[in-house]
Amino acid sequence: MKVYIINRMYAGSYINDKLGGEFINLLHDDNNKNYIFINPSGFIDKKYDNKVEAIILTRIVKAGCFEILGIAKIAKNGQIIFQKGHTLKEKTNNAIDKLNQFVIDNNIRYGGVCFKDIYYGKFEGAAITFESEKLLFPKEELYLTDSKNKNFIFDDTTIFNLEDKRFPKQSLHCYITDKDNPKSFQTIQKIINNDSLWNVDKINNINNYQFVDSHFNFLDVIKKDFDELVYSNLMVYIFKEYPNIFIKFVHDVLGVSISNPYTIKREKKNIDILIEDKNNIIVIENKIKSGINGVSYRHNFSKKGLIQSQLLKYYNYVEKIKGNKKASYFIFVPNYNKLDLKQYYGSKNYKIIRYNKIYDFFARNKVRDFYYREFVNALYKHTKDKEKDYAEEMAVRFLNQIKKNK
């Protein structure tokens, strides 16, 4: 029997205030070796001992859909911890004894600090389950869906369906075997062997890990960091205050060439931002957490099987008034807000612009102005693939523990 394990990360009860064992999963130690912790306690089912070929490291997007964060290929004899004992306490104590010696024998250090010292001198459960021979990092966003979610789609992403496997609702890891799930096993095998998907030689240790700050800003202070109206108002302020930068933004990010004079209006016919110059009309809908609002025409909520929505309403309005001008339609969306526009009538006229592209532009074009800097810092939070980036928070905790021990 051959086995793959799907390991779900950043989902334990500790996540808000503790350092989870899985943080090492996407990290190399000072010797450029990678070790894997299997959630939630570090143990796997005994019947799969020494049969695991790879660990698919994931985090949940929604029920039935996981994002692939990396894949650890496990060498022969790569399993370090086995279940020994009758109770969880006995198993954990046996694992700690084994790991203490294993850490010493292999000189496992991160940033010069012994691994067990990072965890206050104690392992939280079996803190290492496997040693990997190769850690693969995806070049772009990759997703797995299970047998009940075959039609789940995102814009511009690669999704693989496991047609004979259901993902568990509660368990933080599950098994895919060549015997029980042959189709899913073959799918994952093809994913692993497709070198075009992976940064196969990337080393991610403390010395080159990108520990970024939280970009704290005044919206965090006033608890408006997820307020669409505030962000739309900030954008209009920046667009008006810095016309040269704004014209460049429209050209570089939206792909539209505008010139002065131009007008910017808020909530014109409920459109978030309406921009107009002598040759163009630009519609911008800004979405933070919300989806697309439906609009009922004479109680007919759908057309050709698609939902009539605010997108169609804005499109119809602008098409009537544009005259000879070119009309362009955009939706600004945080990276974690996975909108599926295909279900809305009229959505084909709109292009999604992710917040990471907006942030990247304004971060490159710096201005010595307090509000401009705060605006850029506020954008950063919405560039992440998750609304709350626990991976980043845990990285900071891990680094802080290393600094304390030093």
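Please refer to the structure placed before this passage.
From a predicted model like this one, the values you see are computed outputs, not experimental measurements. (Residues numbered from 1 in each chain as written. Predicted model: local features only at pLDDT ≥ 70, side-chain atom pairs only at ≥ 80, totals over all residues. Heavy atoms only, no water.)

## Quick word on the overall build of the protein
Each helix and strand counted, the protein has 10 helices and 19 strands in total. Counting over 406 residues, the protein shows a buried share of 51%. Excluding contacts between residues fewer than 6 apart, the proportion of contacts in the protein whose partners are at least 24 apart in sequence is 66%. Element-wise, carbon and sulfur atoms account for 46% of the exposed surface of the protein, whose accessible area totals about 20000 Å². (Helix = DSSP H or I, 4+ residues; strand = E, 2+ residues; numbered from the N terminus. Buried < 20%, exposed > 50% of the residue type's maximum accessible area, 1.4 Å probe, protein only. Contact = heavy atoms within 4.5 Å. Areas by Shrake-Rupley, 256 points an atom, 1.4 Å probe, with all protein chains shown as cover.)

## Here's the deal with the environment of L144
Of note, L144 is situated in strand β8 (residues 142-145). Note on L144: relative accessible area 1%, which makes it buried. Sequence-wise, L144 and V61 are 83 residues apart; in three dimensions their C-alpha atoms are separated by 9.7 Å. Ignoring any residue separated from it by four or fewer positions in sequence, one finds L144 in contact with I6, I56, G64, C65, F66, I68, F160, L162, F167 and I191.

## Some words on the packing of helix α5 (residues 228-241) against helix α6 (residues 243-254)
Packing of α5 against α6 brings their axes to within 5 Å, and their N-to-C directions diverge by 110 degrees. On the basis of their axis angle, the class for α5 and α6 is roughly perpendicular. Where α5 approaches α6, its residues F239, K240 and E241 are matched on the opposing element by P243, F246 and F249. Taken together, the residues that form the contact of α5 with α6 break down as 4 nonpolar, no polar and 2 charged. (Axes fitted to C-alpha atoms, helices over the stretch in contact; angles between N-to-C directions. Parallel < 35°, antiparallel > 145°, perpendicular 65-115°, else oblique. Nonpolar A, V, L, I, M, F, W, Y, C, P; charged D, E, K, R; others polar.)

## Topic: helix α3 (residues 182-193)
Over its 12 residues, α3 runs 16 Å from end to end, which matches the ideal 16 Å to within 8%, given 1.5 Å per residue. Along α3, the residues that are buried comprise S184, F185, T187, I188, I191 and I192. Projected down its long axis, α3 shows its buried positions confined to an angular sector of 160 degrees, all on one face. For α3, the exposed residues lying more than 90 degrees away from the buried face are K190 and N193. (Expected span 1.5 Å × (residues − 1). Arc of directions from axis to C-beta.)

## Quick notes on the sheet that holds strand β13 (residues 271-276)
Taken in spatial order, the 5 strands line up as β12-β13-β14-β17-β19 in an open sheet, and their pairing is mixed. A single partner strand is all that each edge strand has here, and the edge strands are β12 (263-268) and β19 (350-354). Averaged over all pairs of adjacent strands, the angle between their axes in this sheet comes to 25 degrees, without regard to strand direction. Strand direction decides the pairing type here: strand β14 (residues 280-286) and strand β17 (residues 326-333), joined by 7 bridges, are parallel. (Pairing = 2+ DSSP bridges.)

## Quick word on unusual backbone geometry
A cis amide bond, omega 0 degrees, links N39 with the succeeding residue P40. Tracing the sequence through the fold places P40 in the loop between β2 (35-36) and β3 (52-62). The peptide bond linking N260 to P261 adopts the cis configuration, its omega dihedral lying at 0 degrees. You can see P261 is positioned in the loop between α6 and β12. In the Ramachandran plot, N77 falls in the positive-phi region, its phi being about 65 degrees despite a non-glycine side chain. Tracing the sequence through the fold places N77 in strand β4 (residues 65-79). Of note in this structure, N107 is not a glycine but carries a positive phi near 50 degrees.

Interpretation in functional terms is not warranted from these geometric data alone.
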